[in-house]
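Secondary and tertiary structure notes
One letter stands for each residue in the lines below.
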Amino acid sequence: MSIDNESSSIDNESSSCEHNEPKPPVTYERITIALPTPPGVKPLPPSIFFDVDNRFNAEQKLRIRTSIVATIGLWRQHYEETAVSGTSQWAACSKKYAKKNLRPVWLREDVKIPNGEVALEVAMDVLTKLFADNGNKKSPIAKIRYRIPPNGKQSTIFGKQSYSPFSSLSVTINPLAFGMPSLTERNLTGSLIHAWLHRSGYTHPRNIYTTYFIGEAAMCVMRAFQDKVPGQPDSVYTQFFD
């Protein structure tokens, strides 16, 4: 991974504060992350790109970068395991727990997705397209935005719901979440995956995640593809979903 210090960008969305005084522009640092081509996937661009809000400190930027790299690793692992055995640990876990909203909202109804295993396979293919579009500059450079939610509202990583297969990997992160001891690297990665599944077109009812693909697929990652522990509430993980 490399950081291109010459390609910082400015977000012109910021305009004025409550006293009509100009806000300083939000600047971004361009980061470049290597993208492998897994087995069974057509050649992909060598890198993908993110503009990270400079209000994140160096440690927070490192954790963001680490979670992106970890997600790419899990995505690649799925294809590698599938090439060897016909399925992956992630797909098998999804098959066991994901029962509802198995398809992105934009996918044609005649495309059959009978279970969570097939849903995971489709989701990985959708993520492949989002990676390819990013690396080939066919979609906007993904922004990692900084936002502290108002009134103490809990938030970790928010991915705006997409209703189209043509989307970016942009998300918004609450910097205060990095101070939570329970936000382990695996939980942070699961939160990012949940957000990117929203960007891919997957949905769930407000604050309901159990049995829904977008929640269960991310929780599978957070549990390292292990079975759920009897008596342990899903909220141990879903507290990090937006």
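The structure contained in this document is the topic of the report that follows.

Definitions and cut-offs
Residues numbered from 1 in each chain as written. Predicted model: local features only at pLDDT ≥ 70, side-chain atom pairs only at ≥ 80, totals over all residues. Heavy atoms only, no water. Buried < 20%, exposed > 50% of the residue type's maximum accessible area, 1.4 Å probe, protein only. Helix = DSSP H or I, 4+ residues; strand = E, 2+ residues; numbered from the N terminus. Contact = heavy atoms within 4.5 Å. Phe/Tyr/Trp six-rings, centres within 6.5 Å; stacked < 30°, edge-to-face > 60°. Salt bridge = Lys/Arg side-chain N within 4 Å of Asp/Glu carboxyl O.

**A look at helix α5 (residues 213-222)**
Counted residue by residue, α5 has ten buried out of ten residues, so it is predominantly covered. Turning to α5, its buried residues number three or more, namely F213, I214, G215, E216, A217, A218, M219, C220, V221 and M222. Here the buried face of α5 lies against α1 (58-85), α2 (89-97), α3 (116-135), α4 (185-200) and α6 (235-238). Trailing α5 by a residue or two, A224 shows a phi angle of about 55°, which is positive.

**Digging into the packing of aromatic side chains**
Given two aromatic rings, their pairing is described by the distance between the two centres and the angle made by the two planes. Per the counting criterion, the structure on display carries nine aromatic pairs. Ring geometry for F131 versus W196: centroids 5.9 Å apart, planes at 80°, classification edge-to-face. Placement of the pair is F131 in helix α3 and W196 in helix α4, with a sequence separation of 65 residues. The exposure classification of F131 matches that of W196, with both residues buried. Taking the centre distance of 5.0 Å and the plane angle of 45° together, the rings of Y202 and F213 count as tilted. Of this pair, Y202 sits in the loop between α4 and α5 while F213 sits in helix α5; the two residues are eleven residues apart in sequence, bridging distant segments of the chain. Looking at Y202, the relative accessible area reads 0%, which means it is buried. With relative accessibility at 0%, the residue F213 sits in the buried group. Here a set of aromatic residues connected by ring pairs shows up, and it is made of F50, W75, Y79, F131 and W196.

**Thoughts on the pattern of salt bridges**
Considering all chains together, one arrives at twelve salt bridges under this definition. Between E216 and K228 there is a salt bridge, and its shortest N-O distance comes to 3.0 Å. Of this pair, E216 sits in helix α5 while K228 sits in the loop between α5 and α6, and the two are twelve residues apart along the sequence. Classification of K228 by relative accessible area gives partly exposed; the value is 23%. Taking the shortest distance from any N to any O, the salt bridge between K228 and D234 comes out at 3.0 Å. Residue classification places D234 among the buried residues on the basis of a relative accessible area of 15%. Through salt bridges with shared partners, a single network forms among E216, K228 and D234.

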